[in-house]
Amino acid sequence: MIQKELWFPTPVWYGQLPITFGKDFYVDTVNYYQNISKTEKGVQMSNEGGWQSDHYKLHEIKPFMLNQALDYIFQQSLQIPNDLGLYGGTLNFGRSWVNLNPKNSFNHPHFHVGVTLVAVLFLTDSKSKLTFHRGDELAEWNLRTLRSVGNTELSFSTCEYNCLKGNFVIFPSWVKHSVEINRTEEDRLSAAFDMIYS
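To start, this report covers the structure provided alongside it. (Residues numbered from 1 in each chain as written. Predicted model: local features only at pLDDT ≥ 70, side-chain atom pairs only at ≥ 80, totals over all residues. Heavy atoms only, no water.)

**Topic: the sheet that holds strand β4 (residues 91-101)**
Line of reasoning, step 1. One open sheet accounts for 6 strands, arranged β1-β9-β6-β11-β4-β3; its pairing is antiparallel. With one partner strand each, in any of the chains shown, β1 (13-16) and β3 (51-52) form the two edges of the open sheet.
Line of reasoning, step 2. Across 5 bridges, the pairing between strand β6 (residues 117-122) and strand β9 (residues 167-172) is antiparallel. If you follow Ala119 over to β9, its bridge partner there is Ile170.
Line of reasoning, step 3. Strand contacts of helix α1 (residues 23-39): β3, β4, β6 and β11 (188-197), with the helix running at about 75° to β4, the strand carrying the most contacts. (Pairing = 2+ DSSP bridges. Helix = DSSP H or I, 4+ residues; strand = E, 2+ residues; numbered from the N terminus. Contact = heavy atoms within 4.5 Å. Axes fitted to C-alpha atoms, helices over the stretch in contact; angles between N-to-C directions.)

**A look at the sheet that holds strand β5 (residues 106-110)**
Line of reasoning, step 1. Spatially, β2-β5-β10-β7-β8 is the arrangement adopted by the 5 strands of the open sheet, whose pairing is antiparallel. The outermost strands of the open sheet, each flanked by one partner alone, are β2 (47-48) and β8 (158-162).
Line of reasoning, step 2. Pairing geometry for β5 and strand β10 (residues 176-179), over 2 bridges, is antiparallel. Bridge pairing in β10 links Asn107 to Val179.

**Some remarks on the environment of Leu154**
Line of reasoning, step 1. By the element assignment, Leu154 lies in the loop between α4 (137-146) and β8.
Line of reasoning, step 2. Judged by relative accessible area, Leu154 falls into the partly exposed class, the value being 48%.
Line of reasoning, step 3. Distance in space between the C-alpha atoms of Leu154 and Asp24 is 41 Å, their sequence separation being 130 residues. (Buried < 20%, exposed > 50% of the residue type's maximum accessible area, 1.4 Å probe, protein only.)

**Some words on the pairing of β6**
It is a general feature of regular strands that their side chains alternate between the two faces of the sheet.
Line of reasoning, step 1. Across the 6 residues that make up β6, a large majority, 6, are buried.
Line of reasoning, step 2. Along β6, one buried face is formed by Leu117, Ala119 and Leu121 and the opposite face, lined by Val118, Val120 and Phe122, is buried too.
Line of reasoning, step 3. In terms of strand pairing, β6 meets β11 through 6 bridges, oriented antiparallel. In the strand pairing of β11, Val120 is matched with Ala192.

**What about the side chain of Asn67?**
Line of reasoning, step 1. Tracing the backbone through its elements, the reader meets Asn67 in helix α2 (residues 64-77).
Line of reasoning, step 2. Asn67 has contacts with Leu58, His59 and Ile61, leaving out every residue within four places of it along the chain.

**Focus: the packing of α1 against α2**
For any two helices packed against each other, one specifies the crossing angle of their axes together with the interaxial distance.
Line of reasoning, step 1. Two elements in contact, α1 and α2, have axes whose closest approach is 9 Å; the angle formed by their N-to-C orientations is 110°. It follows from the interaxial angle that α1 and α2 lie roughly perpendicular. Of the two elements, α1 crosses α2, and the hand of that crossing is left-handed. From α1, Phe25, Thr29 and Tyr33 reach across to α2, where they touch Met65, Leu66 and Ala69.
Line of reasoning, step 2. When its residues are assigned to classes, the contact of α1 with α2 shows 5 nonpolar, 1 polar and no charged. (Parallel < 35°, antiparallel > 145°, perpendicular 65-115°, else oblique. Left-handed = near helix turned anticlockwise from the far one by under 90°. Nonpolar A, V, L, I, M, F, W, Y, C, P; charged D, E, K, R; others polar.)

As C-alpha cells, then:
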C-alpha cells in the first residue's frame, strides 16, 4: 500500500476581528480614507485604478481604532513562527498600508519581497475575492488541463477568500496573490501589513 506525505504546503491563517470593533469603527475608517484619498496622491504598487496609501509604521496608523485592529491581528500572528518551525528570533511589525478600490479597480497578482508574512484586513463587505495562486506555472498549467471535478488541497491551482468586513487573512510573503475587479458601486477598503521574522 502506498503512503502519502505533504511537501511544500502553503499555510494560510484566517480569523475575524472581535465584535468590540463595532459598526462605527468600520464607518469611521472608510470615511477617513475616502477623504484622505482625495488629498493625498498615494503610491502605485499592485493596485490598478485604485488608491494605495504610503507605508506607515504601526504607531502612525490612523484612525486610532484601525491601529488597534492591526495590532490585534499582529498579536494573533505571534504563534505563526512556531507553526513554521522558526525558533530563536522575533516576529516584528513591518510596514502597513491601506488599499481603496472604487468600481473597476483591482490588485494585480504579486508577492512581497524582503518580509516573512503579510496580513490583510477587509474593512468593507465586497463580492470580490482575494485569490492565492499556486505560483508554479508548469504545475498550475498541468492541473488546469486535468479539469478535475473534485479538486482537493493538492490539485487546486488557486484558492479564494471572500473580502468580508472584519475578516483577516495572514499568509507567507512569497505566496502570489491578487484581488479581483471591484464590480460594485461601493468602494472596497482593506488594510494590510508586513511582518518580518529576525
